[in-house]
Amino acid sequence: MTTTGGRVHRIYSVVVFIVLASLDNVAVGLVPPLYGSIADSFDVPLGLVGTVTATSFLVSAIASVAWAYYGDRGNRKPLLMIGTLLWAAGMTGSAVAGTYLLFFVSQIAAAVGLGAVSSVGFSVVSDLIKPRRRGLVMSLWGLSQGIGTFFGTALGGILGAADWRRPFIVLSVVGLVATVAYFFTYDIRRGQSDPELAGTIAEGHEYDYRISLKSLPAIIHRRTNVWLILQGLPAQIAFGSLVWLPVLFRERAIDQGYPENTAIVVGSIFATMFQLGGALSILGGLLGDKLQRRTLRGRALVASVGVLAAVPLYVVLFFLPFKIDVPTDAGTGQVVLSALGSVVTEPSVGITFLIAIIALALTSANSPNWFALIADINPPEYRGTVYSLGNLTNGIGRAAGNGLIPVAFALLASRYPSPLNYSVGLAAFQLFFVPTGIMYWLASRTSPKDIKGLHKLLADRAEVTAKTPIDDSPDHTRR
């Protein structure tokens, strides 16, 4: 099955990669709802458990650069399978860890494996889809990550309310299933879906250009790459702070007199509901596709406007009061149903939910257009590496946001009582979206030149490749 490459096989492969990309964010969203339980289990401060998440962001981002570089040079499927098995093992280790140190090490091992899933997976998906569909498919790729955060938060808060180790066991089993799914995906040839190369590759010629260490100046020379890589630093500081949403709503529940076990479930449910706006990233991808056909600045402009427009909505969101009305002595299922029903029965909750959906929908226009732009301006052998460099910047920003915000909460606690200190801290961190919006606007000015340059480069390479005798030796590569 792995060599057929028919339409059904390609669709299967795209679906597998999109679904499995969500696992990255399932793992990310799993821990924050359980911060308190894990800290109590290991008898360590809450902030120390938050450090695990921050460090994991950074390690995964650094590892993704190495995974992507070797993926852009050789066979990508074995790397994906190894990476998946590694993060599954890390989840198992987290579940059985008897000390904080073992939990920390297991989470880091999982983070290293997740680096392969994100970066090498992106490289494969960019070859599986044609440019005219990039916005749509990349919006599904980005949507899968939002869904991953959704399920990670829900899985951690609901399944882990009584036993925090249980969600890690479930996720480790999913990792083993994912490895099997990878095995049956199509081994797409590099550049096979680019219009300039498709005909030559279909004739049996091989696009054998590969990245090397000497390629870095060429990557940076594409000015749009610079803005796409750098925008993630401030953006992910803001996004990184949002993993503390379950804590904010947990503290609001405690402030209203609910016991901690109920508050954990309530916090996870409300945080999960408010992240549903990420599901609308598909609209951002479709809008980017449509506007891109009218102007080569289209994708970047959609991302810029979306990010900037969301900032005031986020600031308002964290200060809107809302009443939590759930039974205190009921089981988890009834608490979940009551929390969901409050969106309709409690006007304050409904208004907050609506604002959250709109804000997240606007910022979610960022991801599909970011993914698509990387593929639009870079040759096939650069895409995984450029994505991983952007992911590295993202990881640094997310780690900074996740690591700095507990410090901000602690400092603000001396002036503002809980949960107000959480509201003030989260609102302040959303201002980091402003420089992100500015950088996307700058990218909109440079992207037309870079896109035209890529089309010419691939057309020239296709002409050269068509004149080159077919060589099946594995060492035949151009630099």
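Above: the structure in question.
What you see is a predicted model; the values in this text were computed from it and never measured.

How each quantity is defined
Residues numbered from 1 in each chain as written. Predicted model: local features only at pLDDT ≥ 70, side-chain atom pairs only at ≥ 80, totals over all residues. Heavy atoms only, no water. Salt bridge = Lys/Arg side-chain N within 4 Å of Asp/Glu carboxyl O. Helix = DSSP H or I, 4+ residues; strand = E, 2+ residues; numbered from the N terminus. Buried < 20%, exposed > 50% of the residue type's maximum accessible area, 1.4 Å probe, protein only. Expected span 1.5 Å × (residues − 1). Polar contact = N/O pair within 3.5 Å; in protein donor to acceptor, adjacent residues only side chain to side chain. Contact = heavy atoms within 4.5 Å. Patch = residues over 30% accessible without salt bridge, like charges linked within 9 Å, V, L, I, M, F, W, Y side chains within 5 Å. Areas by Shrake-Rupley, 256 points an atom, 1.4 Å probe, with all protein chains shown as cover. Axes fitted to C-alpha atoms, helices over the stretch in contact; angles between N-to-C directions. Parallel < 35°, antiparallel > 145°, perpendicular 65-115°, else oblique. Left-handed = near helix turned anticlockwise from the far one by under 90°. Nonpolar A, V, L, I, M, F, W, Y, C, P; charged D, E, K, R; others polar.

Enquirer: Sorry if this is basic, but what is going on with the pattern of salt bridges here?
Expert: Two side chains bearing opposite charge may form a pair once their charged atoms approach each other closely. The final tally for this structure, using the stated rule, is eight salt bridges. Across the salt bridge formed by Asp 194 and Arg 383, the nearest N and O atoms sit 2.9 Å from each other. One end of the pair, Asp 194, is in the loop between helix H7 (166-183) and helix H8 (195-202); the other, Arg 383, is in helix H19 (residues 380-413), and 189 residues separate them in sequence. By relative accessible area, which is 3% here, Asp 194 ends up buried. Taking relative accessible area as the criterion, Arg 383 reaches 0% and is therefore assigned buried. Taken together, the shared-partner salt bridges in this structure form one network comprising Arg 76, Asp 127, Asp 194 and Arg 383.

Enquirer: Mind showing me how you'd approach unusual backbone geometry here?
Expert: Phi is mostly negative for residues that are not glycine, and the peptide bonds are mostly trans. Residue Ser 418 is joined to Pro 419 through a cis peptide bond whose omega torsion reads 5°. Tracing the chain through its elements places Pro 419 in the loop between H19 and helix H20 (420-429). The phi angle at Asp 43 is positive, at roughly 55°, despite the residue not being glycine. Asp 43 gets classed as exposed once you look at its relative accessible area, which sits at 71%.

Enquirer: When you look at helix H16 (residues 332-345) in this model, what are you seeing that I'm missing?
Expert: Side chains that are three or four residues apart share a direction in an α-helix, a result of its 3.6 residues per turn. When the terminal C-alpha atoms of H16 are compared, their 19 Å separation across 14 residues agrees well with the 20 Å that a helix rising 1.5 Å per residue should span. Taken as a whole, H16 has its buried residues at Val 335, Val 336, Ala 339, Ser 342 and Val 343.

Enquirer: Just checking my understanding: could you explain the side chain of Gln 231 for this structure?
Expert: One can find Gln 231 in the loop between helix H10 (223-230) and helix H11 (232-241). The exposure class assigned to Gln 231 is buried, which follows from its relative accessible area of 3%. Separated by 3.3 Å, the side chain of Gln 231 and the backbone oxygen of Leu 228 make a polar contact. Gln 231 has contacts with Asn 366, Trp 370, Asn 394, Thr 436, Met 439 and Tyr 440, leaving out every residue within four places of it along the chain.

Enquirer: Any chance you could explain a nonpolar patch on the surface here in plain terms?
Expert: A cluster of nonpolar side chains, namely Leu 136, Leu 140, Leu 280, Leu 283 and Leu 286, defines an oily patch on the protein surface of about 380 Å² accessible area. When residues of the nonpolar patch are traced back to their parent elements, those giving at least two are helix H6 (134-159) and helix H14 (281-294). Position of Leu 286 relative to the elements: it lies in helix H14. Judged by its relative accessible area of 40%, Leu 286 falls in the partly exposed class.

Enquirer: Before we go on, may I ask you to explain the packing of helix H1 (residues 7-30) against helix H5 (residues 100-128) in this structure?
Expert: Relative to each other, H1 and H5 sit at 150°, their axes nearing to 10 Å. The orientation of H1 with respect to H5, classified from their angle, is roughly antiparallel. In the crossing of H1 with H5, the sense of the turn from one axis to the other is left-handed. Along its contact with H1, which presents Arg 10, Ser 13, Val 14, Phe 17, Leu 20, Ala 21, Leu 23, Asp 24 and Ala 27, the element H5 presents Leu 114, Val 117, Ser 118, Gly 121, Val 124, Val 125 and Leu 128. When the residues that make up the contact of H1 with H5 are grouped by side-chain class, the tally is 11 nonpolar, three polar and two charged.

Enquirer: Even after reading the chapter, I still don't get the environment of Thr 332, so can you show me in this structure?
Expert: On the secondary structure map, Thr 332 appears in helix H16. What makes Thr 332 partly exposed here is its relative accessible area of 33%. Along the sequence, Thr 332 and Ile 158 sit 174 residues apart, while their C-alpha atoms lie 7.2 Å from each other. Every residue in contact with Thr 332, bar those within four places of it in the chain, is listed here: Ile 158 and Val 265.

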